[in-house]
Amino acid sequence: MAYLKKSKSKRTMYINGRKITLDQLEELTQNLIGALINDIYDTIITDGIDVAIPGVKKKQLSMINKMIEYYVEGEQYEKCAVLRDKIKL
C-alpha cells in the first residue's frame, strides 16, 4: 500500500512500509518507462511493429513517435534511425 505524507522539507511516500521520496519515485518511474520502451523496441526488431504494438496504424505511429522522442532525449540516435526505417516499410 502506498500513501503520501507531508513533511517539512519534502514529500515522503511509503510503499510497503518503506520510506521513499518523491525524487526517488520519479527515478523509479523513469527507469520503468525506459525498460518498457526498450522491451517494445526489442520486440519491434525481432517480431515487427504489428506484434509489438497491436492496433491501428495511427496508434502504432503515435507510440513509435513517443519512443523516438525518448531515444532522442537519451541521445540514442541509432535506435531512432531504426524506428524511422521501420515506419517507412
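Peer 1: Before we move on, could you go through the packing of aromatic side chains and cite the residues and values that matter?
Peer 2: Going through the model one piece at a time under the given rule, you end up with two aromatic pairs. Between the aromatic rings of Y41 and Y71, the centroid separation amounts to 5.7 Å while the plane-to-plane angle is 75°, which identifies the pairing as edge-to-face. Residue Y41 is found in helix α1 (residues 22-47), and its partner Y71 is found in helix α3 (residues 57-73); the two are separated by 30 residues along the sequence. Here the two residues Y41 and Y71 agree in accessibility, since each one is buried. Centroid distance Y70 to Y71: 5.4 Å. Interplanar angle 70°. Geometry classified as edge-to-face. Exposure remark for Y70: the relative accessible area of 24% places this residue in the partly exposed category. What makes Y71 buried here is its relative accessible area of 0%. Members of the aromatic cluster, joined through ring pairs, are Y41, Y70 and Y71. The ring of Y41 carries K79 above its face, with NZ or CZ at 5.0 Å from the centroid.

Peer 1: Mind laying out the side chain of Q60, listing which residues take part and the relevant values?
Peer 2: Summarising the element assignment, Q60 is placed in helix α3. Judged by relative accessible area, which is 3%, Q60 ranks as buried. At a separation of 2.9 Å, a polar atom in the side chain of Q60 contacts the side chain of D50.

Peer 1: Give a description of the packing of α3 against helix α4 (residues 77-88) that names residues and reports values.
Peer 2: Packing of α3 against α4 leaves a shortest axis separation of 8 Å and a crossing angle of 160°. One finds that α3 runs roughly antiparallel with respect to α4. The way α3 lies across α4 gives a crossing that is left-handed. Contact with α3, carried on its side by L61, I64, M67, I68, Y71 and V72, involves Y77, K79, C80, L83, R84 and I87 of α4 and no other residues of that element. Along the lines of polarity and charge, the residues of the contact of α3 with α4 split into ten nonpolar, no polar and two charged.

Rules used in this analysis
Residues numbered from 1 in each chain as written. Predicted model: local features only at pLDDT ≥ 70, side-chain atom pairs only at ≥ 80, totals over all residues. Heavy atoms only, no water. Phe/Tyr/Trp six-rings, centres within 6.5 Å; stacked < 30°, edge-to-face > 60°. Helix = DSSP H or I, 4+ residues; strand = E, 2+ residues; numbered from the N terminus. Buried < 20%, exposed > 50% of the residue type's maximum accessible area, 1.4 Å probe, protein only. Lys NZ or Arg CZ within 6 Å of the ring centre and 35° of its normal. Polar contact = N/O pair within 3.5 Å; in protein donor to acceptor, adjacent residues only side chain to side chain. Axes fitted to C-alpha atoms, helices over the stretch in contact; angles between N-to-C directions. Parallel < 35°, antiparallel > 145°, perpendicular 65-115°, else oblique. Left-handed = near helix turned anticlockwise from the far one by under 90°. Contact = heavy atoms within 4.5 Å. Nonpolar A, V, L, I, M, F, W, Y, C, P; charged D, E, K, R; others polar.

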